[in-house]
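Residues per chain are reported as follows:
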Amino acid sequence: MNKFWEYKTLSRMSDTEWESLCDGCGKCCLNKLIDDETEELHFTNVSCHLLHTKSCQCRKYDQRFKLVNDCVKVSLDDIQQFHWLPSSCAYRRLAEGKPIPEWHPLITGSKSAMHKGGFSVRGKIISEKTIDPDKLGDYIAIWPAE
Ligand code: SF4
Ligand code: SF4
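So, here is what we can say about the structure in this document.

Cut-offs applied
Residues numbered from 1 in each chain as written. Chains lettered and ligands numbered in written order. Predicted model: local features only at pLDDT ≥ 70, side-chain atom pairs only at ≥ 80, totals over all residues. Heavy atoms only, no water. Helix = DSSP H or I, 4+ residues; strand = E, 2+ residues; numbered from the N terminus. Rg over C-alpha atoms; globule rule 2.2 N^0.38 Å. Contact = heavy atoms within 4.5 Å. Near = heavy atom within 4 Å. Nonpolar A, V, L, I, M, F, W, Y, C, P; charged D, E, K, R; others polar. Core = buried A, V, L, I, M, F, W, Y, C linked by side-chain atoms within 4.5 Å. Buried < 20%, exposed > 50% of the residue type's maximum accessible area, 1.4 Å probe, protein only. Pairing = 2+ DSSP bridges.

A few words now on the overall build of the protein. Looking only at helices and strands, the protein has six helices and three strands in total. The order of helices and strands in the protein, counted from the N terminus, is α-α-β-β-α-α-α-α-β. In terms of overall size, the protein behaves like a compact globule, its C-alpha atoms giving a radius of gyration of 15 Å where 146 residues would be expected to give roughly 15 Å. Dimensions of the protein, computed from the C-alpha atoms along their principal axes, are close to 45 × 35 × 30 Å.

Time to look at the side chain of Arg-93. Among the secondary structure elements, Arg-93 is positioned in helix α4 (residues 90-95). Setting aside anything within four residues of it in sequence, one finds Arg-93 in contact with Ser-87, Ser-88, Lys-98, Pro-99, Ile-100 and Pro-101.

Here we take up the site of ligand 1. Neighbouring ligand 1 are the residues Cys-22, Asp-23, Cys-25, Gly-26, Cys-28, Pro-86, Cys-89 and Tyr-91. Of the residues that constitute the shell around ligand 1, the class distribution is six nonpolar, one polar and one charged.

Attention shifts here to the nonpolar core. In terms of nonpolar packing, the biggest core is built from 15 residues, with Leu-21 and Tyr-91 touching the most fellow members. Among the secondary structure elements, those contributing two or more residues to this core are α1 (4-7) and α4. If one sorts the elements of this core by residue count, α4 sits on top with three residues. With near-sequence residues (within four places) excluded, Tyr-91 lies in contact with Leu-10, Trp-18, Glu-19, Leu-21, Cys-22, Val-74, Phe-82 and Leu-85. Within the second largest apolar cluster, six residues are counted, among which are Leu-51, Cys-56, Val-121 and Ile-125.

Our next topic: the pairing of strand β2 (residues 41-47). Here four bridges tie strand β1 (residues 30-34) to β2, and the two strands are oriented antiparallel to one another. The partner of Lys-32 across the bridge, within β2, is Phe-43. Following β1, the chain reverses through six residues before pairing antiparallel with β2; Glu-39 in that reversal takes a positive phi of roughly 60 degrees. Taken together, the two bridges between β2 and strand β3 (residues 126-127) define a ladder with parallel strand orientation. Within the sheet, the bridge partner assigned to Ser-47 lies in β3 and is Ser-127.

To continue, consider the sheet that holds β3. One open sheet accounts for three strands, arranged β1-β2-β3; its pairing is mixed. The open sheet has two edge strands, β1 and β3, and neither has a second partner.

Not every positive phi belongs to a glycine, and Glu-39 is a case in point at roughly 60 degrees. By the secondary structure assignment, Glu-39 is in the loop between β1 and β2. Overall, the relative accessible area of 65% leaves Glu-39 in the exposed class. For Cys-56, which is not a glycine, the phi torsion comes out positive at approximately 65 degrees. Under the relative-accessibility criterion, Cys-56 is labelled buried at 4%.

Shape descriptors only; they carry no functional weight alone.
What follows is the structure, encoded as structure tokens:
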């Protein structure tokens, strides 16, 4: 196994390597709220309408930026903003000098350990299509940030 993430910095990775760092957990596709007073970021358990709640994959990945205004591309240009990513996310972890999680698909060869270990959003979320957007504050969840 070529553990490129152990010897290459994020800036030296190829596009394919960069893409493969995404474990597909779906946590960055959850709606988030920012507290007006404290500017604290809160995750919710409500997903973007394009996220498949079981597979945790985007239904329109190729068109995502066209279809969803606040869909964010994780890129090195944004490295100062990585704090909004969950602490399990490989991009954030590597940027912080931490190893990628042992259940990561690059290590285990599939997403199975991630899903079984409860590290993805599978089984924990509802789609934004099913809620009143004014009630998003009722769905704040702690686990996505952990
Ligand atoms: S949180 Fe990170 S690892 Fe998970 S889907 Fe988003 S970019 Fe990929
Ligand atoms: S458009 Fe796709 S990638 Fe973007 S937030 Fe929605 S589900 Fe996630």
